[in-house]
Amino acid sequence: MSINLFYMLTYAFKSLNAQSYKSIETENFINTGDLFAQILIIGIKHQLKQGLNKDYVSENEELSTLRGRIDINSSLKDLTMLRNKLVCSYDEFSVNSYFNRIIKTCALLLLKADIDVHRRKELRNLMIYFNEVTTLDVHNINWKIAYNRNNQNYRLLIGICYLFVKGLLQSKRTGDIKVMDFLDEQRTCRLYEKFILEYYRKEHPELKANASQIKWQLDDDNCELLPIMQTDITLSDTNGNVLIIDAKYYTRTTVTKFGKRTLHTGNIYQIFTYVKNKETELLGTEHKVSGMLLYAKTEEEITPNVYYMMSGNKISAKTLDLSVPFDEIKAQLDNIAKSYFEKI
């Protein structure tokens with residue numbers, strides 16, 4: 001599963017296609033955290049060659065010579081003038097940037113996790129270059145970071161740290177870190193959606209693939225309190241064929257009601273609503289709109305693989321097996337595209 005997760009990350013974070021990450025494909029990993037540690041090691045090494053990100057960091061300290069501006073309140077409160085000093089506030093161009101603080105915080109957490117001893121040693125050695133970098137409270141990290149041309153290389157590293165911190169950590173009373181075999185359900189679902197979307201964007205350029213919004217087809221302009229219809233993946237071609245995919249990653253893909261196994265009720269209602277509103281939107285043009293619930297396979301005996309004709313539209317529920325070799329995962333996704341779009 002770790003290698004398949006690597007491939008999913010490859011599509012979700014396009015920079016993983018860089019040549020420096022190719023060696024990961026042939027390595028063995030203890031668990032997902034071990035995989036993340038290796039990605040972080042490679043990414044940090046690559047970043048060190050280019051130079052760690054520097055930013056202006058606000059400093060506040062007692063100085064005997066004036067620098068920046070005087071913090072009068074702090075100087076009076078601490079009576080620094082009696083020591084011939086003033087409290088000064090100034091900006092220092094430093095490697096103690098928020099990007100580096102996130103990476104160091106994540107790396108130190110990984111060092112407490114169950115990772116390969118050689119990777120642990122290598123990651124610890126890399127932390128020497130982060131001596132001037134302070135850590136963050138892992139529960140209060142601000143992940144809404146603006147990227148630009150100068151720090152674009154950090155997007156992958158910060159993305160890996162985000163997935164690790166948000167999805168893979170469980171604190172123990174001992175202070176150790178337990179790394180789960182896979183991401184929690186919510187975080188994995190986001191990665192699962194992103195992977196499928198980016199796969200079709202890269203492997204099927206003949207299709208338009210995006211995560212588009214669908215407008216409510218209302219009889220008047222009153223849309224107050226209506227939720228936004230945001231699709232996970234919408235595929236379309238130049239012939240008016242549209243496939244709306246709702247990617248679902250659950251621990252259990254079906255539910256039991258009155259002794260009968262059924263799909264999640266809300267899933268069916270949601271995809272049907274998406275399809276019918278898109279159908280109405282395209283009236284007057286040549287089109288064919290279909291919908292699909294694409295579940296990640298679980299250990300349940302029942303794996304959805306059905307379709308229904310609902311008011312003229314094909315609505316299906318399929319299962320994507322992520323436990324097989326990646327070539328077979330690709331074949332599953334390719335077959336979905338082939339069955340809905342004639343020119344593929």
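Throughout, a residue's number is its position along its own chain's written sequence, starting from 1. Per-residue local features are limited, in this predicted model, to residues with pLDDT of at least 70; the limit for side-chain atom pairs, both in listing and counting, is 80 or more; totals at the level of whole chains, interfaces and linings are taken over all residues. To get the side-chain values, all heavy atoms of the structure are used, and hydrogens and water are removed first.

J.: Help me understand the overall build of the chain, please; the structure alone is not making it clear to me.
T.: Strands are runs of DSSP state E lasting at least two residues, helices are runs of H or I lasting at least four, and both sets are numbered from the N terminus onward. The secondary structure content of the chain amounts to 9 helices and 15 strands. Taken over 344 residues, the chain has a buried fraction of 47%. Two residues qualify as a contact provided that any one of their heavy atoms is within 4.5 Å of a heavy atom in the partner residue. If you take every contact in the chain between residues at least 6 apart in sequence, the share linking residues at least 24 apart comes to 65%. What sets the accessible areas is the Shrake-Rupley method with a 1.4 Å probe; for residues, cover comes only from the shown protein chains. Put simply, the chain shows about 19300 Å² of open surface, and 49% of that area lies on carbon and sulfur atoms. Accessible area is worked out with a 1.4 Å probe on protein chains only. A residue is then buried under 20% of its type maximum, exposed over 50%, and partly exposed in between.

J.: How should the packing of aromatic side chains be read in this particular structure?
T.: Geometry of an aromatic ring pair is reported as the spacing of the ring centres plus the angle between the planes. Centres within 6.5 Å make a pair out of two Phe, Tyr or Trp rings, where for Trp the six-membered ring is used; the pair is then stacked when the planes are under 30 degrees apart, edge-to-face when over 60, and tilted otherwise. This model, assessed by the stated rule, comprises 11 aromatic pairs. With a centroid separation of 5.8 Å and an interplanar angle of 65°, the aromatic rings of Tyr11 and Phe195 are classed as edge-to-face. Taken together, the positions of Tyr11 in helix α1 (residues 2-12) and Phe195 in helix α7 (residues 185-203) put the pair 184 residues apart, joining distant regions of the chain. On the accessibility criterion, Tyr11 (8% relative accessible area) is buried. For Phe195, a relative accessible area of 0% corresponds to the buried category. With a centroid separation of 5.1 Å and 80° between ring planes, the pair formed by Trp143 and Tyr162 is classed as edge-to-face.

J.: It is not clear to me how the pairing of strand β9 (residues 233-236) should be interpreted in this structure. Could you clarify?
T.: Looking along a regular strand, one sees the side chains alternate between the two faces of the sheet. The alternating pattern of β9 places Ile233 and Leu235 and Thr234 and Ser236 on opposite faces, both of which are buried. As defined by bridge partners, strand β6 (residues 208-210) adjoins β9 across 3 bridges and the pair is classed as antiparallel. Of the residues in β9, the one forming a bridge with Ala209 is Leu235. Between any two strands, at least two bridges found by DSSP are needed for them to pair. As paired elements, β9 and strand β10 (residues 241-248) share 4 bridges and run antiparallel to each other. Looking across to β10, one finds that Ser236 is bridged to Val242.

J.: When you look at the sheet that holds strand β14 (residues 306-310) in this model, what are you seeing that I'm missing?
T.: The pairing of strands in a sheet happens through backbone hydrogen bonds and is either parallel or antiparallel. With respect to topology, 6 strands assemble into an open sheet ordered β6-β9-β10-β13-β15-β14, the strand pairing being mixed. Each having just a single partner strand, β6 and β14 make up the two edges of the open sheet. When strand polarity is set aside, the average angle formed by the axes of neighbouring strands in this sheet is 20°. Across 5 bridges, the pairing between β14 and strand β15 (residues 313-320) is antiparallel. If you follow Tyr307 over to β15, its bridge partner there is Ser316. Fitting a line to C-alpha atoms yields each axis, with helices limited to the stretch in contact; the angle taken between N-to-C directions then spans 0 to 180 degrees. Strand contacts of helix α8 (residues 265-281): β10, β13 (288-296), β14 and β15, with the helix running at about 155° to β13, the strand carrying the most contacts.

J.: Would you mind showing me how to read the sheet that holds strand β1 (residues 55-63) here?
T.: Strand order in the open sheet formed by 3 strands is β1-β3-β2, and the pairing between neighbours is antiparallel. Looking at which strands have only one partner, the edges of the open sheet turn out to be β1 and β2 (69-70). Bridge analysis of β2 against strand β3 (residues 86-94) gives 2 bridges, and the strand direction is antiparallel. Opposite Arg69, over in β3, you have Ser89 as the bridge partner.

J.: It is not clear to me how the nonpolar core should be interpreted in this structure. Could you clarify?
T.: Side chains that are nonpolar tend, in soluble globular proteins, to be buried together. In these notes, a set of buried Ala, Val, Leu, Ile, Met, Phe, Trp, Tyr and Cys residues joined through side-chain atoms within 4.5 Å is what counts as a nonpolar core. The biggest cluster of nonpolar side chains holds 77 residues, and the ones touching the most others in it are Leu9, Tyr192, Phe195, Tyr200, Leu235 and Leu294. Broken down by element, this core gets its largest block of residues, 9 residues, from helix α6 (residues 154-167). Non-local contacts of Tyr200, meaning those with residues more than four positions away in its chain, are made with Pro205, Ala209, Leu235, Ile245, Leu333, Ile336 and Ala337. In this structure, Val242, Tyr250, Ile271 and Val275 belong to the second largest nonpolar core, which totals 16 residues.

J.: Just checking my understanding: could you explain a nonpolar patch on the surface for this structure?
T.: Residues with no salt bridge and a relative accessible area higher than 30% make up the patches, which join like charges within 9 Å and nonpolar side chains (Val, Leu, Ile, Met, Phe, Trp, Tyr) within 5 Å. Only one rule defines a salt bridge in this text: a Lys or Arg side-chain nitrogen within 4 Å of an Asp or Glu carboxyl oxygen. On the surface, a nonpolar cluster with roughly 390 Å² of combined accessible area is contributed by Leu66, Ile70, Ile72 and Leu76. For Leu66, the location among the structural elements is in the loop between β1 and β2. A relative accessible area of 59% means that Leu66 is categorised as exposed.

J.: Even after reading the chapter, I still don't get the side chain of Asn151, so can you show me in this structure?
T.: Here Asn151 shows up in the loop between α5 (117-126) and α6. Residue Asn151 is classed as buried on the basis of its relative accessible area, which comes to 6%. One polar contact links the side chain of Asn151 to the main-chain amide nitrogen of Asn148, over a distance of 2.7 Å. Polar contacts here mean pairs of N or O atoms no more than 3.5 Å apart (in protein, one a potential hydrogen donor and the other a potential acceptor; neighbouring residues in sequence count only if both atoms are side-chain atoms).

J.: Sorry if this is basic, but what is going on with the pattern of salt bridges here?
T.: Any two side chains of opposite charge can pair if their charged atoms end up close together. Enumeration according to the criterion identifies 8 salt bridges in this entry. In this structure, the salt-bridge partner of Arg190 is Glu193, at a minimum N-O distance of 3.5 Å. Of this pair, Arg190 and Glu193 are both found in helix α7, 3 residues apart, which corresponds to roughly one turn of the helix. The partly exposed category is assigned to Arg190, whose relative accessible area is 47%. In this structure, the salt-bridge partner of Glu198 is Arg201, at a minimum N-O distance of 2.9 Å.

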